[in-house]
Amino acid sequence: YTQLGCTLSRMQQYKEAYEQHHRALTLRYHYLDFSHGLVAESLNYCAESLCALGRGGEGVPLAIHAAQIRKSLFGTSHPAYAHALSVLASCYHDVGRYLDACDCIEKCLGICGVAFQENHANNIPNLMNYGNVLRSTGDLAKARSVYQRAITIHELNFKEGQQARQLEICTTGVGDLTAEIEEMESPSMPNILCSTMPCSKKSSTTDLSVFGLAQKQLTADDIESKGTPLIVFTDIGRDVDDEMALVLLSSLKRKRLLNPIAVITTLSPQRDRAYLARGSLDTMGMADTPVGIGGRGGVADGVELEVYKANHTRPSTSIYGSGMKLVCEALESVPRKSAQLLCLASLSDVASFIEEHQDLFTSKVKEVVIMGGVMPMETGDSLTPDTAYNNNCDMPSAQFVYRKCLELGVPTVTLSRWAAYGCPIRPQLLDELAKTKHSVATNIRTMSKYSIDQLWNKVVLPSNHPRREKLPSRCDVKWFYKTFCGTEDTPTELNESIWTQVEKLNMYDPLAVLICDLSYRALHFNCKAKTVRGVRHIVVGTSEIDTGIRDPLSLYKEYSRLFVEALQASLHEPEMPLGSEKEPDMLLEETTKIMSTRSRAA
């Protein structure tokens, strides 16, 4: 299958080539360990074929995993790793991430410059790729010189007629670039060349770094075909449910229910969180979703909270230095009253946006979805944020957002912690997801234990201890055991690690993603509504008794399936990997036991 795929690719029959390479990949998934070099080979070939078909966004996760495998097997100075970087560069180029493509291909050429002789024929495809990327960045003169270098190496290695198409592409490239440069140098276009800049010279701290990722104007038809435009505010890296939310979001994007048009990271160090978000989105097949750096999220200057580590974290030149500017550009690209804001973190950035761009907010946003909580809402015409963690990070901003949404007539949907308590997951589900071998899934499983232990070590501290950070005082040892261990009995001796006693985990943010889609909202959630000035505001989960979850087992089964589908689809896996002892459906019986106790935290 691999040989046939390569032959078809040389014949430019890329659809058929992908089909053959995918058959090889499926067999290698089945019979080989995911970390095997032949799996990486098939991932690369599939990514190359997808890129040639104009589906580079689908190729990015495959190329990233191929690069990770080859890096682990061969190290960072081996030509096999360089080739994986070249494929990844092609995929980034196809989705408009020109500067990320430039970064990858320059690393590739650096490795090949040491591994091969100066005029080795293996350098030609990489130089062709580099010239193509440079042309897209606007560095036409350098692109032409790179193509000319490829022609020179070709002439030194091949006789006339050998690798003729390769030579034809390079020669055509030089001719086209020469014509473009001459046109730009003409008196009628005196300033054009001044605006071009080598990709390596562009600063990653300015919004020039998103060259090639300009927001596209969306029409009503686009929304119908791609889903509701969604802007996500996240403190990813604080705990795993933000990244789980992105996994679920990728599944709903593939179903064309939600269309993420921007992801903003908040909570210091917000730049590090942006790097994690960028890598997570890329590995989940959302390389075309822009990421912006938000504010400190209510954290005092000089204080930086922890961001967990991940192999897929990516310091990227495609990240907006100003999250606020990205939000504005994203909303300006959508029709009136069509976008949702999804707040999975402190409301600081949303408050700043409303305050500075109120007209844009009221004209474009149809709904604000908040993972948080409000005080009992039976009386009065106000919604008052409660002591939920996201509110507690910056209470003045939380109060401002709710007040302005009520004043301006923008509907809100608040998903409370009670909803999450009403539909917990078993830790074993994370084991099942990790069997896909997807880097996000394996890291989530690892970091879940770490995050739970970190939370436990804060819970056991006195309520006024500074190391508790913004953790509400109600979150004590008794709360922890009720919430995660399914019991109100607390031991007399407290261990440093609590993971072995954990019976259930609460997925707050994935539920908030799911509730953004109206069909899932109607199917799985009981919503309490409050009408203020003719506008309906919704709260899901108002108490320990009223969690807002219609059928916990049905909801658990649904989002478990969505998680698995998202991870498999991004790796182009046909089914649950061989060796999976239990699929999510088979965990339902165990989950029923957990839920039947109905032991939830206050």
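Look up a bit, the structure's there.
Summary of the structure given here. (Residues numbered from 1 in each chain as written. Predicted model: local features only at pLDDT ≥ 70, side-chain atom pairs only at ≥ 80, totals over all residues. Heavy atoms only, no water.)

**What about the nonpolar core?**
Stage number 1. Ranked by size, the top nonpolar core spans 82 residues in total, and within it L342, L415, L433, F480, F484, L505 and Y559 carry the most contacts.
Stage number 2. Apart from residues lying up to four places away in sequence, L505 is in contact with P424, I425, P427, L430, I452, F484 and W499.
Stage number 3. If you look at the next biggest cluster of nonpolar residues, it comprises 57 residues, including I111, Y130, L134 and A287. (Core = buried A, V, L, I, M, F, W, Y, C linked by side-chain atoms within 4.5 Å. Buried < 20%, exposed > 50% of the residue type's maximum accessible area, 1.4 Å probe, protein only. Contact = heavy atoms within 4.5 Å.)

**Thoughts on helix α7 (residues 123-137)**
Since the α-helix packs 3.6 residues into each turn, any two residues three or four apart lie on the same face.
Stage number 1. Here α7 spans 21 Å end to end across 15 residues, near enough to the 21 Å set by a 1.5 Å rise per residue.
Stage number 2. Listing the buried residues of α7 in full gives N123, I124, N126, L127, M128, N129, Y130, G131, V133, L134 and T137.
Stage number 3. Check the buried side of α7 and you find it contacts α5 (79-94), α6 (98-115), α8 (140-157) and α9 (164-184).
Stage number 4. Count one or two residues on from α7 and you reach G138, which has phi positive near 100°. (Helix = DSSP H or I, 4+ residues; strand = E, 2+ residues; numbered from the N terminus. Expected span 1.5 Å × (residues − 1).)

**So, the sheet that holds strand β5 (residues 365-372)**
Stage number 1. Taking strand neighbours across the sheet as the criterion, the eight strands line up as β3-β2-β1-β4-β5-β6-β8-β7 in an open arrangement whose pairing is mixed. Sheet topology places β3 (291-293) and β7 (528-532) at the edges, where each strand pairs with a single neighbour. Across this sheet, the average inter-strand angle for adjacent strands is 20°, counted without regard to direction.
Stage number 2. Here strand β4 (residues 339-343) pairs with β5 via five bridges, running parallel. Bridging from a neighbouring strand, L341 pairs with V368 of β5. (Pairing = 2+ DSSP bridges. Axes fitted to C-alpha atoms, helices over the stretch in contact; angles between N-to-C directions.)

**Points about the layout of surface pockets**
Any space left empty among the atoms is revealed by the rolling of a water-sized probe across them.
Stage number 1. Its volume calculated, the largest pocket comes out at about 1,700 Å³.
Stage number 2. Looking at the largest pocket, it is lined by 39 residues, and the ones nearest its centre are S9, E48, P125, M128 and Q166.
Stage number 3. At the level of elements, α1 (2-10), α2 (14-31), α3 (37-52), α5, α6, α7 and α9 are the ones that each hand at least two residues to the lining of the largest pocket.
Stage number 4. Residue contributions to the lining of the largest pocket peak at eight residues, all from α5.
Stage number 5. Residues that form the lining of the largest pocket fall into these classes: 19 nonpolar, 15 polar and five charged. (1 Å grid on protein atoms, 1.4 Å probe; cavity = no way out; pocket = protein on both sides within 12 Å on 5 of 7 lines; lining within 4 Å. Points joined across faces, edges and corners; volume = space filled by probe spheres on them. Nonpolar A, V, L, I, M, F, W, Y, C, P; charged D, E, K, R; others polar.)

**Focus on the state of the cysteines**
Stage number 1. In total, this model carries zero disulfides according to the counting rule given.
Stage number 2. The thiol of C108 is unpaired, and the distance to the nearest cysteine sulfur, on C112, comes to 4.2 Å.
Stage number 3. Considering cysteine sulfurs only, C405 is the nearest to C343, which forms no disulfide, with 8.3 Å between them. (Disulfide = S-S within 2.5 Å.)

**So, the pairing of strand β6 (residues 412-416)**
Stage number 1. Counting buried residues along β6, five of its five residues qualify, which places the element largely inside the surrounding structure.
Stage number 2. Residues of β6 alternate between two faces, with T412, T414 and S416 on one and V413 and L415 on the opposite face, all of them buried.
Stage number 3. Two strands pair when backbone bridges link them, and β5 and β6 are joined in this way by five bridges, in the parallel orientation. Bridge pairing links M371 to L415 in β6.
Stage number 4. Alignment of β6 against strand β8 (residues 535-540), held across three bridges, turns out to be parallel. Opposite T414, over in β8, you have V539 as the bridge partner.

**Examining the pattern of salt bridges**
Stage number 1. Taken as a whole, this structure holds 25 salt bridges when the rule is applied.
Stage number 2. The partner of R561 in a salt bridge is E565, and the shortest N-O contact between them spans 2.5 Å. You can see R561 and its partner E565 sitting in helix α25 (residues 552-570), four residues apart, about one turn around the helix.
Stage number 3. With a relative accessible area of 33%, R561 lands in the partly exposed category.
Stage number 4. Taken together, the shared-partner salt bridges in this structure form one network comprising R97, D100, D103, K107, R278, D282 and R314. (Salt bridge = Lys/Arg side-chain N within 4 Å of Asp/Glu carboxyl O.)

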